[in-house]
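# Overview (structure and organization)
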Amino acid sequence: MSQIPNLENAPINLTAIRARAQAELEIILKNVRGDKCLVIDPKLSGSLSLLVQSSELKKHGAELRHLTAEPIQTDRTKVVYLVRAQVDLIKFICSHIHNDTSKGLHREYYLYFVPRRAVACEKILEEEKVHELLNIGEFPLYMIPLDEDVLSFELDLAQKEYLVDGDATSLWHIAKAIHNLEFSFGVIPNVRAKGKAATRVADILNRMQAEEPVNTSDMGIPEINTLVLLDREVDMVTPMCSQLTYEGLLDEFLGVNNGAVELDASIMGVQQEGKKIKVPLNSSDKLFKEIRDLNFEVVVQVLRQKATTMKQDYTEISTTSQSVSELKDFVKKLNSLPEMTRHINLAQHLSTFTSKPSFLGKLDMEQTLVEAQSYDICFDYIEEMIHKQEPLVNVLRLLILFSVTNSGLPKKNFDYLRRELLHSYGFEHIATLNNLEKAGLFRKQDSRSNWLTIKRALQLVVEDTDTTNPNDISYVFSGYAPLSIRLVQQAIRSGWRPIEEILRLLPGPHSEIKRVQICVMQFSVLIKYCILHYSRLADGRRSLVLVVFIGGVTFAEISALRFLCSQEGMAYDLIVGTTKIVNGQTLIETFVEKLG
């Protein structure tokens, strides 16, 4: 199965977006005639695997290499660099060119920035005296479809850059990606934003429309009705909790990267010592599409039931005479056997983690932290983790959850835990703790916590959650309803106004903007709008909402949004945009910075 997802069932034409990116990459490769060495920024190579097969790149005479500090080993005379605009990567390229020059090697060098060039990077090229040796261009890859309802802007450091470094470049990139969508699907008329970064993206988007307008009379009716922009900073509780959906747990324990997990072949029943295999995970796999968003407890039951049914069918086939059509039906079921085997192997492997007492104890503590009513128990648990020297990221994950639900820790407790962390894990981690403090994730308490008020008002903790036949999004965390998705529910249903008091208790400003008023539309466009609206209702299609998470989204949150879409009476289809798919660990790792 390909890692490139099938987008045929997407609510908007994502296939066209991907095809455009593929065509732009092909132009770059064709522009550099003949054999070439294509040197790709390692983080970009994962993104590109969702666009093109490596075999396609090789058809254009490209020999593939990953960009590292080490000189490129190739006999090709043309070298094409495909990199994000990051200073450390540009320094690697300068080093490569200097190394070739010192050896008397004469090559043609091409540098394509993704998605656009940066002044700081070009300055380094000039200082290193290699600017004149490079043919410089851009590969404007602002977003990639990860699946039929998920778009990624591939900006994994967006939250850290904005909150800690004060660098808003990624916000411009997000607005540009959305504005590019508008050129294909029309100006989005309703924009609702919550959080500092989110409201800023909304402002940049408006400015872009003023400076480079989408012609509304040419476009006709916008295909996307509403844009909801949500800052990760508004809800840091959700990513710090352990996800309990199937896809969420795969990410927690195995790490889902660019729609695939990489793991030992033996786990998948392939007996090859030390061999790693990639298992694609997207909606092209029908069984995965069916079970990805379920609570893991239910997934095990579903797989068991399917295996039992298949076994019974096999027994019937082998012991009784069957008609041709019955045999045909059985063969159809056999075609799904590879998918069944794949997910039984993955689920069995996940069970080795989820059945451990340490994991179950961690879930209990997360529940206690979300309840925010047993301060001393939580403090003692985290202190004990530090003294046992459990992995630092695991400790920080609970510590952030503790700090966020209490609006920080009293100075005495804050200073004590900070000191203990540095003593146990080393003073080189002081920069990480400073980053977390600057981002407001682990800090001193300066006001009374509002968490209990928020929790009650938005019904974030749901007693007796039915994970088998859920009637609420709280099933994704077995009792905790993600704050972010409660906000999205509200934004879609009735806008911000009914919950303005609660919004003021959460970080950052909020805004609600009407960008294209129906009253200023041309009469002919207005008629079209009415016809389209009623024809959509008639054929069962619904209005479309784009929900953008600035700073990352978890698979559990995506599952919760898909659950909302599946509910009777839901008037909207949802598509998710995100800077990156994250979990508690990968999000914290973006703030980790070791001194020395």
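What comes next concerns the included structure. (Residues numbered from 1 in each chain as written. Predicted model: local features only at pLDDT ≥ 70, side-chain atom pairs only at ≥ 80, totals over all residues. Heavy atoms only, no water.)

Relative to the helices and strands, Gln-489 resides in helix α22 (residues 483-494). The residues contacting Gln-489, other than those within four sequence positions of it, are Ile-473 and Leu-564. (Helix = DSSP H or I, 4+ residues; strand = E, 2+ residues; numbered from the N terminus. Contact = heavy atoms within 4.5 Å.)

What follows concerns the pattern of salt bridges. Here the structure, examined in full by the defined rule, presents 34 salt bridges. With its nearest N and O atoms 2.5 Å apart, the salt bridge here joins Asp-41 to Arg-84. Of this pair, Asp-41 sits in the loop between β1 (36-40) and α2 (42-48) while Arg-84 sits in strand β3 (residues 78-84), and the two are 43 residues apart along the sequence. For Arg-84, a relative accessible area of 14% corresponds to the buried category. (Salt bridge = Lys/Arg side-chain N within 4 Å of Asp/Glu carboxyl O. Buried < 20%, exposed > 50% of the residue type's maximum accessible area, 1.4 Å probe, protein only.)

This brings us to the sheet that holds strand β15 (residues 572-578). The sheet built from seven strands is open, its strands ordered β6-β7-β15-β14-β9-β8-β13 with mixed pairing. Edge positions in the sheet fall to β6 (144-147) and β13 (510-514), since each has one partner strand and no second. Taking each pair of neighbouring strands and ignoring which way they run, the sheet shows an average axis angle of 20°. Note that strand β8 (residues 190-194) and β13 share five bridges and pair antiparallel. By the bridge assignment for β13, Arg-192 is matched with Glu-512. Along the sheet, helix α25 (residues 555-566) makes contact with β7 (150-152), β14 (543-550) and β15, crossing β15 at roughly 165°. (Pairing = 2+ DSSP bridges. Axes fitted to C-alpha atoms, helices over the stretch in contact; angles between N-to-C directions.)

On the surface, Glu-126, Glu-127, Glu-128 and Glu-132 cluster together into a negatively charged patch. Mapped onto the secondary structure, Glu-128 falls in the loop between α5 (119-127) and β5 (134-138). (Patch = residues over 30% accessible without salt bridge, like charges linked within 9 Å, V, L, I, M, F, W, Y side chains within 5 Å. Areas by Shrake-Rupley, 256 points an atom, 1.4 Å probe, with all protein chains shown as cover. Lys, Arg positive; Asp, Glu negative; His and termini not counted. Charge placed at Lys NZ, Arg CZ, Asp CG, Glu CD.)

Attention now goes to the environment of Lys-194. Mapped onto the secondary structure, Lys-194 falls in strand β8. For Lys-194, a relative accessible area of 0% gives the class buried. Once you skip the residues sitting within four places of it in the chain, Lys-194 turns out to touch Leu-229, Leu-230, Asp-231, Val-234, Trp-496, Leu-503, Leu-506, Pro-507, Gly-508, Pro-509 and His-510. Reaching out from Lys-194, the side chain makes a polar contact with the backbone oxygen of Leu-506 at a distance of 3.3 Å. (Polar contact = N/O pair within 3.5 Å; in protein donor to acceptor, adjacent residues only side chain to side chain.)

This part takes up the packing of helix α17 (residues 375-387) against helix α18 (residues 392-405). The geometry of α17 relative to α18 is characterised by a closest axis approach of 10 Å and an angle of 160° between their N-to-C directions. In terms of their interaxial angle, α17 and α18 are classed as roughly antiparallel. As α17 packs across α18, the resulting crossing turns out to be left-handed. Counting all contacts with α17, which are made through Tyr-375, Cys-378, Phe-379, Tyr-381, Ile-382, Met-385 and Ile-386, the residues of α18 involved are Asn-394, Val-395, Leu-398, Leu-399 and Phe-402. Classifying every residue of the contact of α17 with α18 gives eleven nonpolar, one polar and no charged. (Parallel < 35°, antiparallel > 145°, perpendicular 65-115°, else oblique. Left-handed = near helix turned anticlockwise from the far one by under 90°. Nonpolar A, V, L, I, M, F, W, Y, C, P; charged D, E, K, R; others polar.)

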